[in-house]
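Residue-level structural notes
What follows is the residue order along each chain.
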Amino acid sequence: MAKILMKGNEAFGKAAIEAGCKYFFGYPITPQNELPEYMSRELPNVGGVFVQAESEVSAINMIYGGAGAGARVMTSSSSPGIALKQEGITYAAGAELPCVVVNVMRGGPGLGGIQPSQADYFMSTRGGGNGDYRTPVYAPATVQEAVDMIMEAFNVADYYRTPVMVVADGMIGQMMEPVEFKAPKERDLAPKDWATVGTKGQRKPNIINSLYLQPDELEKHCIKLEAKYKEIEKNEVDYEMYKTEDAELVFVAYGTTARIVKNAIDILRGEGIKAGLIRPKTLWPFPFEAFNQIPEAKNLLTVEMSMGQMVEDVRLAVEGRVPVHFYGRAGGMIPDPEGIANKAREVVESQLAVGGAR
C-alpha cells in the first residue's frame, strides 16, 4: 500500500473513516481544528454525518446517542474542550458505550495556550469525570502510530464496550508525515444486540442508562466494570523498550517527547553513558511490567512536557527499587536533546558522587 503525506489531524480523521466511523460530533478548538474540518468534508462522501455542536458538552452527549444506537462514533478536541467532555465520558463509561475520543493536547491549566503539551496525563488516565471508571488511553509518537492506534481504538471500544481515548500532543496533530492505512488486527466482536435501534415489535426495548438508584445494584455494576478493566489491564498494555538491555540510566517518556529522548540517548551513548528508554504506548493500562526488564538500571529519568504527572506512575512501577528523577518543560515549551542530556549527566554525576562517598 502506498504511503500518503498527510498532516496529523487530517490523518486522524481518515483513520477513523477507514475504521468504519460514520458519525463525528465536535466543536472547534486549536490545535485540532483540521480534524473536524476533514471530517466535515469527507464523511458525507461515505454516507456519514458530521455535526458541529453548539458546545463540547453537546458534542459528547451526541456521541452518547450515536453510540447508543450502535454506530461507530468519534469526537475530538484539545485540552480545555476535553475537560468539558468529562461528564459525558463518565456517562458513556457507566452505560458501557463504545466510542473514540481524540485529544490533541495543548498547554494549560485553564485556557493556557495553543502550543503542544502533555499535561493532560492525569485527566486522561485517572478519569476526569466522577465515579469508579477507567478508559484505555493510547499515546502515539508518530502520525503513523496515531493512525494505527485510532483504527485499533474502535475495535477495542467495541470489544470491551467502553470509551477509548487517543492522546497526541499538538505537534503530532500539526506535523506532516508519510502514512499508510492498514487494517488493525481482527477481533471477535459481538453483535450490538444491546443497541437502541428500534424493536419492530419483536422484543422488549433496550434501555441504556448509568443511573442505579439502589446501592446494591450500583455496587454490582461497579464490580462488573472493574472486572472489565482488569481484563483490559491484562490484555491491552503496550510499550516499547529502546536500548534497555544494558542501560544503567533508563528514560521514561511517551509521545513526541520520546522521539526527542532517543536523540538524547544517542548523545549520551557517544559519551559512554549507557542510556535506554521505556516508552508507554498505552498510558492506561500503564506498562508496569516493563520496569521488571531493566536489571542494570541504577536511575530512572522521566521526561514530560508537563510539570510532572506520569512520573507518579513510574514511581509506583519501581516501588522504591530504583531512584526516579524528573525533567520537564511546560506551557508549550518543548524539551531539546541537549537539555535532556544535561539532566541525565547531572543524575549520573550525582550517583557517582554518592558512590564515591561510600
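Residues numbered from 1 in each chain as written. Predicted model: local features only at pLDDT ≥ 70, side-chain atom pairs only at ≥ 80, totals over all residues. Heavy atoms only, no water.

**Some details on the nonpolar core**
The nonpolar side chains of a soluble globular protein tend to be buried with one another. What counts here: Here, the term nonpolar core denotes a set of buried Ala, Val, Leu, Ile, Met, Phe, Trp, Tyr and Cys residues that are joined through side-chain atoms within 4.5 Å. Between buried and exposed lies partly exposed: a residue is buried under 20% and exposed over 50% of the maximum accessible area for its type, with that area taken using a 1.4 Å probe on protein chains only. Pairs of residues are marked as contacts when any of their non-hydrogen atoms sit within 4.5 Å.
The biggest cluster of nonpolar side chains holds 87 residues, and the ones touching the most others in it are Phe12, Met39, Met74, Val102, Phe291 and Leu300. Excluding its chain neighbours within four sequence positions, the residues that come into contact with phenylalanine 12 are Leu35, Val102, Val104, Ala146, Ile150, Ala168, Ile172 and Gly173. By size, the runner-up hydrophobic cluster in this structure holds 21 residues, among which are Tyr242, Ile260, Ile273 and Val303.

**Thoughts on the pairing of strand S10 (residues 249-252)**
Inclusion rule: A run of H or I in DSSP becomes a helix once it reaches four residues, and a run of E becomes a strand once it reaches two; helices and strands are each numbered from the N terminus. In this description, strands pair whenever DSSP reports at least two bridges between them. Orient the strands so they point away from the viewer; a crossover is then right-handed if the path from the first strand over the helix to the second runs clockwise.
Neither face of S10 is exposed, since Leu249 and Phe251 on one face and Val250 and Val252 on the opposite face are all buried. The pairing of S10 with strand S11 (residues 275-280) spans four bridges and is classified as parallel. Each bridged residue has a counterpart across the sheet, and for phenylalanine 251 the counterpart in S11 is leucine 277. With respect to chirality, the unit in which S10 leads through helix H9 (residues 255-270) into the neighbouring parallel S11 is right-handed. Pairing of S10 with strand S13 (residues 299-304), which is carried by four bridges, proceeds in the parallel orientation. Following the sheet pairing, leucine 249 is matched in S13 by asparagine 299.

**Some thoughts on the layout of surface pockets**
Under the convention used in this document: In the cavity and pocket records, a cavity denotes points on a 1 Å grid over the protein atoms alone where a 1.4 Å probe fits but cannot get out, a pocket denotes an open set with protein on both sides within 12 Å along at least 5 of 7 lines, and lining residues are residues with an atom within 4 Å of a point. Grid points are joined across faces, edges and corners, and a volume is the space filled by probe spheres set on the points. Note on residue categories: nonpolar means Ala, Val, Leu, Ile, Met, Phe, Trp, Tyr, Cys or Pro, charged means Asp, Glu, Lys or Arg, and polar means any other residue, Gly included.
Roughly 280 Å³ of volume is contained in the largest pocket. Around the largest pocket sit Thr90, Tyr91, Gly94, Asn130, Gly131, Asp132, Tyr133, Ser210, Leu218, His221, Cys222 and Leu225, which together line it. Looking at the lining of the largest pocket, the elements with two or more residues in it are helix H4 (79-94) and helix H8 (215-235). In terms of residue count, H8 provides more of the lining of the largest pocket than any other element does, four residues in total. Tallied by class, the residues present in the lining of the largest pocket amount to five nonpolar, six polar and one charged.

**Concerning the side chain of serine 77**
Of note, serine 77 is situated in strand S4 (residues 73-77). Sequence-distant contacts of serine 77, that is, excluding residues within four places in its chain, are made with Ile29, Gln32, Glu56, Ile82, Lys85, Val102, Asn103 and Val104.

**Focus: unusual backbone geometry**
Residues other than glycine predominantly adopt negative phi, and peptide bonds predominantly adopt the trans conformation. Residue proline 31 follows threonine 30 across a cis peptide bond; omega there is 10 degrees. With respect to the element layout, proline 31 can be found in the loop between strand S2 (23-26) and helix H2 (34-42). At the junction of glycine 108 and proline 109, the peptide bond is cis and its omega measures out at 5 degrees in the coordinates. In this model, glutamate 96 sits at a positive phi of 55 degrees, which is unusual for a non-glycine residue. Mapped onto the elements of the fold, glutamate 96 is located in the loop between H4 and strand S5 (99-105). Its identity as a non-glycine residue notwithstanding, lysine 200 has a phi of 55 degrees, on the positive side.

**Re the environment of glycine 276**
On the secondary structure map, glycine 276 appears in strand S11. Separated by 173 residues in the primary sequence, glycine 276 and asparagine 103 have C-alpha atoms spaced 28 Å apart.

**Examining the sheet that holds strand S6 (residues 137-138)**
Just so we agree on the cut-off: Only the contacting stretch of a helix is used when fitting its axis, a line to C-alpha atoms as for every element, and angles between N-to-C directions run 0 to 180 degrees.
Reading across from one edge, S3-S2-S4-S5-S7-S6-S12 is the order of the seven strands in this open sheet, with mixed pairing throughout. Strand pairing shows two members of the sheet lacking a second neighbour, strand S3 (49-52) and strand S12 (282-284), which therefore form its edges. In this sheet, strand S7 (residues 163-169) lies alongside S6 in parallel orientation, the contact comprising two bridges. Bridge pairing links valine 137 to methionine 165 in S7. With respect to the sheet, helix H3 (residues 56-68) is in contact with S2, S3, S4 and S5, its orientation differing from that of S4 by roughly 165 degrees.

**Observations regarding the packing of helix H1 (residues 8-18) against helix H6 (residues 143-160)**
Here is the rule: By the definition adopted for this analysis, an angle is roughly parallel if under 35 degrees, roughly antiparallel if over 145, roughly perpendicular if from 65 to 115, and oblique otherwise. Put simply, a crossing is left-handed when the front helix is turned counterclockwise from the back one by less than a right angle, and right-handed when it is turned clockwise.
Where H1 contacts H6, the axes come no closer than 9 Å and their chain directions differ by 30 degrees. Regarding the angle of H1 to H6, the classification is roughly parallel. As for how H1 packs across H6, the hand of that crossing is right-handed. Here Gly8, Ala11, Phe12, Ala15, Ala16 and Glu18 of H1 lie close against H6, whose contacting residues are Val143, Ala146, Val147, Ile150, Met151 and Phe154. For the contact of H1 with H6, the class distribution of residues is 10 nonpolar, one polar and one charged.

**Considering the sheet that holds strand S14 (residues 324-328)**
Taken in spatial order, the five strands make up an open sheet running S9-S11-S10-S13-S14, and their pairing is mixed. Each edge of the sheet is formed by a strand with only one pairing partner; in this case those strands are strand S9 (239-242) and S14. On average, adjacent strands in this sheet sit at an angle of 20 degrees to one another, irrespective of strand direction. Pairing of S13 with S14 involves five bridges; the strand directions are parallel. The partner of leucine 301 across the bridge, within S14, is histidine 325. Packing of H9 onto the sheet brings it into contact with S9, S10, S11 and S13, and relative to S11 it is tilted by some 170 degrees.

**Considerations on the packing of H1 against H2**
Where H1 contacts H2, the two axes come as close as 7 Å, and the packing angle between them is 45 degrees. By the angle between their axes, H1 is oblique relative to H2. Once H1 is placed against H2, the crossing between them reads as right-handed. Each of Asn9, Glu10, Phe12, Gly13, Lys14, Ala16 and Ile17 in H1 lies in contact with H2, whose residues at this interface are Glu34, Leu35, Tyr38, Met39, Arg41 and Glu42. Split by residue class, the contact of H1 with H2 holds six nonpolar, two polar and five charged.

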